[in-house]
Amino acid sequence: MTSDLELRSCAKKVIFELVSSKSRSKRKSKIMADQSSSPQPFNVQIDGVWHQFPKGMRVIEACERVGVFVPRYCYHKKLSSPGNCRMCLIEMGFPRLGPDRKPELGQDGKPIINWMPRPQISCAQDVADGMAVRTDSPLVKECQRGVMEFLLINHPLDCPICDQAGECRLQEFSVDYGSSQSRFLENKVKKPKAVQLGPRVTLDDERCILCSRCIRFCQEIAHDDVLGFVDRGSHTILTAHPGRSLENNYSLNTVDICPVGALTSTDFRFKMRVWFLKETKSICASCATGCNTVIGTREDVVYRQTPRENDHVNSCWMCDYGRLNYKYLEADSRLLEPQIRSEGKLVPADWPTAVGQAALQLKQVAGSEIAIVASGRMTNEELWLTAQLVNSLGVKCVDIVPRRGRADKILLSKDRNPNTNGARLILGSRSAPGAKIMAIADAVRSGGIKALVILKENAMHLGMSVEELARLPALIVMNNLHNAATERASVVLPACGFAEKRGSMVNGKGRLQRLNRATRPPGNARDDWEILRDLLQAIGGGDSLHSIEDVFRRMSETVPQFAGLSLNKIGDLGVHILEIEELPPTHPSDEEAIEQAIAVQAARRSVRHELDHVQPHPGASTIRQVEPETAPRR
Ligand code: SF4
Ligand code: SF4
Ligand code: FES
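Predicted, not measured: the structure shown is a model, and the values here were computed from it.

(A) Highlighting the pairing of strand β15 (residues 339-342). Summarising the sheet, β15 and strand β16 (residues 345-348) pair through 4 bridges and their orientation is antiparallel. In the sheet register, I340 faces β16, and the bridge partner there is V347. In sequence, β15 turns back onto β16 through a hairpin of 2 residues, with E343 there showing a positive phi of about 50 degrees.

(B) Geometry of the site of ligand 1. Around ligand 1 lies a shell of 13 residues, among which C208, C211, C214, C258 and A262 are the nearest. Of the residues that constitute the shell around ligand 1, the class distribution is 11 nonpolar, 1 polar and 1 charged.

(C) Local environment of the sheet that holds strand β11 (residues 263-265). Taken in spatial order, the 3 strands of this open sheet run β7-β8-β11, and their pairing is antiparallel. The two strands at the open ends of the sheet, each matched to only one other strand, are β7 (195-196) and β11. Pairing between β7 and strand β8 (residues 201-203): 2 bridges, direction antiparallel. Within β8, the position partnered with Q196 by the bridge is T202.

(D) Quick peek at unusual backbone geometry. Phi at R86 is positive, roughly 65 degrees, even though this residue is not glycine. Structurally, the position occupied by R86 is in the loop between α2 (59-65) and β3 (89-95). Despite not being glycine, S544 shows a phi value in the positive range, around 50 degrees. For S544, the position within the fold is in the loop between α14 (528-539) and α15 (548-558).

(E) Main features of the packing of helix α9 (residues 380-393) against α15. Axis separation between α9 and α15 bottoms out at 10 Å; the angle between their running directions is 65 degrees. In terms of orientation, α9 lies roughly perpendicular with respect to α15. The interaxial crossing formed by α9 with α15 has left-handed handedness. Contacts between α9 and α15 involve N380, E381, W384 and L385 on the former and, on the latter, I548, V551, F552 and M555. Looking at the contact of α9 with α15 residue by residue, the class counts come to 6 nonpolar, 1 polar and 1 charged.

(F) Just the sheet that holds strand β23 (residues 511-515), in detail. Judged by pairing direction, the sheet is antiparallel, and its 3 strands sit side by side in the order β22-β23-β24 without closing on themselves. Edge positions in the open sheet fall to β22 (503-506) and β24 (575-576), since each of these has one partner strand only. Alignment of β23 against β24, held across 2 bridges, turns out to be antiparallel. Residue pairing across strands places R511 opposite H576, the latter belonging to β24.

(G) Focus on the site of ligand 2. The environment of ligand 2 is formed by 15 residues, the closest being C284, C287, C291, C319 and G322. The residue inventory of the shell around ligand 2, partitioned by class, reads 8 nonpolar, 6 polar and 1 charged.

(H) Just the nonpolar core, in detail. Core analysis: the largest hydrophobic core is formed by 154 residues, its most contacted members being I372, V373 and V477. With 7 residues, the single largest contributor to this core is α9. The residues contacting V477, other than those within four sequence positions of it, are I454, A459, A485, T486, A489, V492 and L493.

Cut-offs and rules
- Residues numbered from 1 in each chain as written.
- Chains lettered and ligands numbered in written order.
- Predicted model: local features only at pLDDT ≥ 70, side-chain atom pairs only at ≥ 80, totals over all residues.
- Pairing = 2+ DSSP bridges.
- Helix = DSSP H or I, 4+ residues; strand = E, 2+ residues; numbered from the N terminus.
- Near = placed C-beta within 6 Å.
- Nonpolar A, V, L, I, M, F, W, Y, C, P; charged D, E, K, R; others polar.
- Axes fitted to C-alpha atoms, helices over the stretch in contact; angles between N-to-C directions.
- Parallel < 35°, antiparallel > 145°, perpendicular 65-115°, else oblique.
- Left-handed = near helix turned anticlockwise from the far one by under 90°.
- Contact = placed C-beta atoms within 7 Å.
- Core = buried A, V, L, I, M, F, W, Y, C linked by C-beta atoms within 7 Å.
- Buried ≥ 20, exposed ≤ 12 C-beta atoms within 10 Å, placed from the backbone.

This is the structure in structure tokens:
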């Protein structure tokens, strides 16, 4: 039997859906009709000054454009406007018209405005020609005080222990627009606290001001209609629909847009006060989309990543998978010291010794007997230095490892390498990424390759067993984390994670973006470009590269797509350098090549298995679908 509660919640859901979708489509067609009929901007008076705005712009946005801030809770520029918090109330009016239907002018020569008797919300109202707006009149201020008092009636006194303190709109607006005293003497309504709304989001219902941003985000952006309000009046609470939980891959964006501390990140809550965080603008390096981010750190520890607005890339959002993929920076398996093999064992060494040893081992074999496996997670600068290494040593076999996962139609890309396009441009490979990996593995097995350089990849994912790697005279590994392959290496070079270095990457749509250093690397790990530069110098090259800017400058002289650019010129929002319709690794022909290669290798393995009657080593299986080191739950 369906309970009353469920029926009520379903009915509310349907009504909300109908109203919001109707208002969205009405608004869209109105803007389109307005735009097609006349491109003339509207004259709008804001706080006594006339401005011009395009048709279809919301009043709250028009005010913001001219530097007049109107407080808001439920309004978000990327979501529909239900107008339910009333915080954005303003006074609105239109010029008084005379008998000739022309605006009447006052003694100051300006139109006389007929003000509406009641305040209006500015977030759901479009600008109109001749409209006048007052945002700081006594009536508006009284309205703002009233709304704040109403919102705070049942709000708990949680501020000292609330995770949102420091970035809470309720706190800020209470100071700016509220009163200093409360007239409320009754008992506050008690509501559920610390509710697990989903695996990554915790809800405190008492703090919720019912703005519905989170509900609209799930409906309109994440396409997962999972949240809603139930019950009435002061007892209304936010909840997930029966049998559902907030577990979509974009759930943490609701925490970002919740204006109060009702929704908090289970990962971040109570770990660090936000005012202690150092914020660094960077990009996510977990897929080819390259969402723009802000990395929050304190004392060289990453505490959180939040999205940074870039309408060319990720709008205001990022996925949970990329957002939480930073834990490996603090993993126990981080490589902290350079190591060299001595008398069969890996022993710590200083940097000059380790780099010198690697150069010596590489110089002892012919270029045709060296293979370099680079990574689509390396920056352009690192890839360019790799290309110089390839040229200096006369290496024929060089490739990157494809890294794939399931894409969604929102942000997450199938290509989980952030810089496949950079690798294509700089390494100049015409074949699909990963096309040569199997040939390299076969050559290692047959003894054709005597020196293998693995850069920022796990050699155990290349289809070679530990024993096969151990037979190599030279196995030089540059990476962040320890794995079975690093134990077999002849030289280990500990490098930086994405938050510990600077550089640039080209995303799946051809946008060149900047990665910035938010923390220092742990132990004796070094910046990847410096390791490669030193290796290049030890082999005989790489002179006059003293900074990463020097590397970019030299790269821009040789790679035409980077011509005229510098790290500085890329800016915070990136620069479009390639016209790409389709992300290269998702191109059907690439997919086919990779799938065919995987099938061939699987067939070869099963034949060998039958002949040998032995269980093959799991590491020698196929080119696997490789996920980043610590993929969070999705
Ligand atoms: S939880 Fe936050 S975003 Fe959701 S309705 Fe409440 S206040 Fe708004
Ligand atoms: S969509 Fe890709 S780039 Fe964006 S946050 Fe997710 S993993 Fe990172
Ligand atoms: S911001 Fe306008 S009603 Fe909420």
